[in-house]
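Chain and residue survey
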Protein chains: 2
Amino acid sequence: AQLALEKDYESHRDYETRYRVVMESTRDPLVLVDASSGRITDMNSAAAQVLGAEADALVGSLFGHEFNGLKRGELLDQLMGAATSDTNSSVTAHTKRTAKELKIQARLFRASGDKTLLCRLEGAGAQEVIAEELS
Amino acid sequence: AQLALEKDYESHRDYETRYRVVMESTRDPLVLVDASSGRITDMNSAAAQVLGAEADALVGSLFGHEFNGLKRGELLDQLMGAATSDTNSSVTAHTKRTAKELKIQARLFRASGDKTLLCRLEGAGAQEVIAEELS
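Keep in mind the model is a prediction, meaning the values are calculated, not measured.

1. Re the sheet that holds strand E2 (residues 40–43) of chain B
Residue and element names in this part refer to chain B. Taken together, the five strands give an open sheet; going across it, the order is E2-E1-E5-E4-E3, and neighbouring strands pair in antiparallel fashion. The two strands at the open ends of the sheet, each matched to only one other strand, are E2 and strand E3 (91–94). Looking at each pair of strands side by side, their axes are set apart by 30° on average, direction ignored. Set on the sheet, helix H4 (residues 74–84) makes contact with strand E1 (30–34), E3, strand E4 (101–111) and strand E5 (114–122); between it and E4 the angle comes to about 70°.

What follows is the structure, given as structure tokens:
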């Protein structure tokens, strides 16, 4: 049983590596947000660039703080609403540091009992992709 | 030690979930290829769509078989060359099933001793993103 657990553990170690490589290889800005606290648990460098700060500095802080004109908890409520709606809805918000209008697509998932929102930032990021592709 | 291993194991289980959610949330077509055999180990649905087949049917088959005009092992050699070069080079190839010209960006990483290439398919996929964003 111990050997099986270790072997399984080894294969799960792979997923951590895969997760990190995929996060950094995608051009989509992605942010993981804890659904109960609203705090950022992880993000890729594309997202850090869109929000205008280092990823290390943003992880652990409230995702809602990165946007203007929102009451405390308002963004999280909107994201939860978008993630749990049947239609493929998104939330529009304005970044504080970089003054960009973003559309945020949210997907809710559960890992080890904790609910997490995976947020994909569109708008500024997508336009950068377009500019890059057309150049 | 057992408890610590289990707790750690639990946190690695999370990464498998995170990996799968991120793969399906990104709009970039991504394919994981075993660097020694050239066989597809995983891919997201965006990549399956670009290649013109179901992901389940493609996993386990040779990545090079999905492209025209290549000798056996040629694509893998080119991808390894691109992944290990200092410049940010890509490989151009033509899909067999969908007759698209793609630029493939490759990144080499190691997990549990096995070398894996993460391939991002650009061209058809990127143009679809542009069309979607501008519509």
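2. Let's talk about helix H4 (residues 74–84) of chain A
All names here are of chain A. Within the sequence span of H4, burial applies to Leu-75, Leu-76, Leu-79 and Ala-82. Each buried residue of H4 sits inside an arc of 125° when the element is viewed along its axis, so together they form one side. In H4, those exposed residues whose orientation departs by more than 90 degrees from the buried face are Asp-77 and Thr-84. Contact partners of the buried residues in H4: strand E1 (30–34), strand E3 (91–94), strand E4 (101–111) and strand E5 (114–122).

3. Remarks on the sheet that holds E4 of chain A
Residues and elements named next belong to chain A. On the basis of which strands lie adjacent, the open sheet formed by five strands has the order E2-E1-E5-E4-E3 and antiparallel pairing. Only two strands of the sheet have a single neighbouring strand rather than two, namely strand E2 (40–43) and E3. The mean inter-strand angle of the sheet, taken between neighbouring strand axes irrespective of direction, is 30°. Where H4 meets the sheet, its contacts fall on E1, E3, E4 and E5, and the angle it forms with E4 comes to roughly 70°.

4. Some details on the side chain of Thr-26 of chain A
Here Thr-26 of chain A is to be found in the loop between helix H1 (2–25) and E1. In this structure the side chain of Thr-26 of chain A is engaged in a polar contact, spanning 3.1 Å, whose partner is the backbone nitrogen of Asp-28 of chain A. There is a polar contact of 2.6 Å between the side chain of Thr-26 of chain A and the side chain of Thr-26 of chain B.

5. Some details on the environment of Arg-97 of chain A
Residue and element names in this part refer to chain A. Looking at the element boundaries, Arg-97 is found in the loop between E3 and E4. Between the C-alpha atom of Arg-97 and that of Phe-67, which follows or precedes it by 30 residues, the distance is 8.1 Å. Contact partners of Arg-97, with chain neighbours within four places excluded, come to Leu-51, Gly-52, Ala-53, Leu-58 and Glu-66. A distance of 2.7 Å separates a polar atom in the side chain of Arg-97 from a polar atom in the side chain of Glu-66.

6. Let's talk about the nonpolar core
Counting residues in hydrophobic clusters, the biggest one holds 26 residues, and the most contacted among them are Val-31, Phe-63, Leu-79, Ile-104, Cys-119 and Leu-121 of chain B. Among the secondary structure elements, those contributing two or more residues to this core are E1, E2, helix H2 (45–51), helix H3 (55–58), H4, E3, E4 and E5 of chain B. In terms of nonpolar packing, the next biggest core, distinct from the first, is built from 24 residues, Val-33, Met-43, Leu-79 and Ala-93 of chain A among them.

7. As for the pairing of E1 of chain A
Residue and element names in this part refer to chain A. Across the five residues that make up E1, a large majority, five, are buried. The side-chain alternation of E1 yields two buried faces, one formed by Leu-30, Leu-32 and Asp-34 and the other by Val-31 and Val-33. As paired elements, E1 and E5 share five bridges and run antiparallel to each other. Within E5, the residue paired with Val-31 across the bridge is Cys-119. Of the strand pairs in this sheet, E1 and E2 are connected by three bridges, and their pairing is antiparallel.

The rules behind the values
- Residues numbered from 1 in each chain as written.
- Chains lettered and ligands numbered in written order.
- Predicted model: local features only at pLDDT ≥ 70, side-chain atom pairs only at ≥ 80, totals over all residues.
- Heavy atoms only, no water.
- Pairing = 2+ DSSP bridges.
- Helix = DSSP H or I, 4+ residues; strand = E, 2+ residues; numbered from the N terminus.
- Axes fitted to C-alpha atoms, helices over the stretch in contact; angles between N-to-C directions.
- Contact = heavy atoms within 4.5 Å.
- Buried < 20%, exposed > 50% of the residue type's maximum accessible area, 1.4 Å probe, protein only.
- Arc of directions from axis to C-beta.
- Polar contact = N/O pair within 3.5 Å; in protein donor to acceptor, adjacent residues only side chain to side chain.
- Core = buried A, V, L, I, M, F, W, Y, C linked by side-chain atoms within 4.5 Å.

These results come straight from atomic positions and should not be treated as a statement about function.
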